[in-house]
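Structural characterization, general
The residues making up each chain are set out below.
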Amino acid sequence: MVMVSSSLSHKGISSCMLTAVESLFQRSLPSLSPTRQAHAGLLKCGLVPGDARHTSKLLAFYAGHRCVADVEFLSRSVTRPDPFAFSGVISVLVRSHLFSAALSLLPCMLSLRLPPDPFVLPAALKACAALPSLPIGRQIHALSLVGEVSSDRFVASALVDMYLKCAAVADAYQVFDEMPEKCVVVWSSMIAGCATHGRTGEAFQMLDRMRSSGVEPNLITFNGLIVGLKRCGRPHETLPLLRRMHSEGFELDEVSVSSTLSAASDVEDLTMGCQIHGYVIKTRLETNSSVVSALLDMYGKCGCADEMIRVFDTVTAPDVGSCNALLAGLSRNGRVDDALKAFAEFQAQGIKLNVVSWTSIVACCSQNGKDMDALQLFRRMQSAGVEPNAVTIPCLLPACGNVAALLQGKSAHCFSLRKGILADVYVGSSLVDMYAKCGRIADARVVFDAMPSRNIVSWNAIVGGYAMHGKAKDAIELLLSMKRNRHKPDSVTFVCVLSACSQAGLTEDGERYFYEMQRDYGITASVEHYACMVSLLGRAGRLDEAYELIRKMHVEPDGCVWGALLSACRVHNNVTLAETAADKLFELEPANAGNYVLLSNIYAAKGMLDEVDRVRDTMKTMGVKKNPGCSWIEIRNKVHMLLAGHKSHSQMSRITEKLEKLSEEMKRLGYLPSTNFVLQDVEEQDKEHILCGHSEKLAVALGLISTPAGTPLRVIKNLRICGDCHAAMKFISKFEGREILVRDTNRYHRFEDGSCSCGDYW
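Residues numbered from 1 in each chain as written. Predicted model: local features only at pLDDT ≥ 70, side-chain atom pairs only at ≥ 80, totals over all residues. Heavy atoms only, no water.

**A short note on the sheet that holds strand S6 (residues 755–756)**
An order of S2-S1-S3-S4-S5-S6 is seen for the 6 strands of this open sheet, with the pairing classed as mixed. Sheet topology places strand S2 (638–643) and S6 at the edges, where each strand pairs with a single neighbour. Across 6 bridges, the pairing between strand S1 (residues 630–635) and S2 is antiparallel. Following the sheet pairing, isoleucine 633 is matched in S2 by histidine 640. (Pairing = 2+ DSSP bridges. Helix = DSSP H or I, 4+ residues; strand = E, 2+ residues; numbered from the N terminus.)

Now the structure itself:
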């Protein structure tokens, strides 16, 4: 009786459990917790894994919840295999973009002696195409041949799509040609695939073949062709195709419009972009998010920031994609303040910004001179719980390098290492550049040597770093290493090498590489190359040759070229050529105060005080003012910014006191301030006070009072260091026993024990 009662009780529990589970299964996608409870109940009743129907549904539920481990465990425990269960689960995993997990179920199916059928294979091939994984795709193709289902039109279409997305165009052609019947879908795949892989002629021929076979192309066919042309770098061919579609009576949808707008933005065809915008308004597609983003991108790339803002303002409920497009467009057009304002408004409106949004605003600031804002926004990004990626870090690191925020740059380095993105070539290249700009050229080389792969950006970063530090021989050795490793140097590489030769006084080497660049690599000399050569010859005192080189230039010399000649005249006190160079500079850059200062210094060095007064009067008449000097120094993970002549820093009284003590000591030992670097019409004593207020001196003084004795100091300045400050830094380095690194707009100056690495030429 007990046994009978127990059996009846068990049956009753099973019946109740089945009723509850059936009720649960009727929902579209129940939450995970009730599903797990139902699974436990079925296990307890012995209905799983034996019951194929409920096992199939559990597999589908776990796949829908992306519980890959549960799917794999349950599939391995199946005792009565059901091919439809595996087919459904693989399809769900593919739709959830869990491609590797979907493919991992195929061996399990085969071990259960379930041959993949025409329902499973297309889903599996779609996973191969998405990864992409050509080897697994070939294995699945072999399975379809063994199972005699390769001729199935769904399987064959999936094979064609897989081969095309895995760049195996010849295999795609073979499968396509063997198909007895070709539907519009497979024709469209072949046309789009040929276009994507740059076979545009074949794509249009395929379109003609399609029509000849009696199959008419549809909108998807043309959309695939447009997208393919855009991806293969032929956006100019999409615009005539759009006209052809329109003439054949096709109504353009959001895919057609957004793809063609993207092509118009690539070629900066504002006229076509505006015409498409008119079509968008006419067909009421302006509410589609992808179309809005494409419009914003087009106007941004065509330099129409105001029109871009007007388009955005018409959107009633902007999504994050539209917001990101607006931020990118504002950044591209240098509207950094507008971008910061828009970003703040997005946050205030509760729009859920993603990593692309944060990366865009960080990049906007770092690319437009708002380095401190970029660092602050990056910290806010992390506080908001948004994790940076391999795109964010290269956007942040230039800001760290620009203001010598070494500790924050190191933190980004550690983050990249921890998150496994250090192997990314752009992350590595940005780290090389950051360390070089922060004065740590040895660390830059360590990162460079550890990079698993390098591109031209990586090589230019390290060569440019050595040039910045005046290490010409290292830069040349890297150029030779590029040749040995079959990396072709580009125009930027030679700018770095020529700059390094100029700063190190390697005149013959510089001349050789200048002509080798043109003869052996076919690189046409640009104004940057000529500026380096003028500086190189000028340093060697060959001013007449430098001037002759300028006269023979095949391009119009700009301010950099004439500025290099004027600087060389300053070193060698050549008044005649200096006046020629200055006249050109006053035409090209009438508001650049630095040119007036250089000419005035040349006159002052020659004792031509009347000419000094004339330059000063010219500046007053034209309203030219010297750009305020600004320097940055990092102390205990905080970047301090100091402005020349400003007393806003909280430690200014102590800074001034330290500078006065240093000034007294310097005078006692025979140092006299070079007041000719001050153009203001003031008394001599006031000129000395002005010199004491130069931003690099303020930054060094702050470093001296804020760090332990012997600690190296790193200072970044937005202008070229003046002669008085250069002399003062040499004295301070010896008197205080400090290594002082100052990076100006030209190079790094390493002051140590009373001398500078530049050899007093900069």
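That covers the picture; the talk isn't over yet.
**Focus on the confidence of the model for the protein**
Taken over all residues, the pLDDT of the protein has a mean of 87, while the share at 70 or more is 86%. Segment residues 1–29 is flagged for pLDDT under 50; beyond a separation of four residues in sequence, or across chains, it makes 29 contacts in the model. Taken together, the stretch residues 677–691 has pLDDT below 50 and engages in 32 contacts with residues farther than four places along the chain or on a different chain. (pLDDT = per-residue confidence, 0-100. Contact = heavy atoms within 4.5 Å.)

**Quick word on the packing of aromatic side chains**
Per the stated rule, a full pass over the model turns up 11 aromatic pairs. Their ring planes at 75 degrees and their centres at 5.2 Å tell us that phenylalanine 514 and tyrosine 515 sit as a pair that is edge-to-face. What makes phenylalanine 514 buried here is its relative accessible area of 2%. Pairing phenylalanine 586 with tyrosine 596 gives two aromatic rings, centres 4.3 Å apart and planes at 10 degrees, and the pair type is stacked. Within this pair, whereas phenylalanine 586 is found in helix H34 (residues 575–588), its partner tyrosine 596 is found in helix H35 (residues 593–605), the two being separated by 10 residues in sequence. Relative accessible area serves as the criterion here: at 2%, tyrosine 596 is assigned to the buried category. Ring pairs connect the aromatic residues Phe514, Tyr515 and Tyr530, which therefore count as one cluster. It is arginine 454 that lies over the ring of phenylalanine 448; its NZ or CZ is 4.4 Å from the centre. (Phe/Tyr/Trp six-rings, centres within 6.5 Å; stacked < 30°, edge-to-face > 60°. Buried < 20%, exposed > 50% of the residue type's maximum accessible area, 1.4 Å probe, protein only. Lys NZ or Arg CZ within 6 Å of the ring centre and 35° of its normal.)

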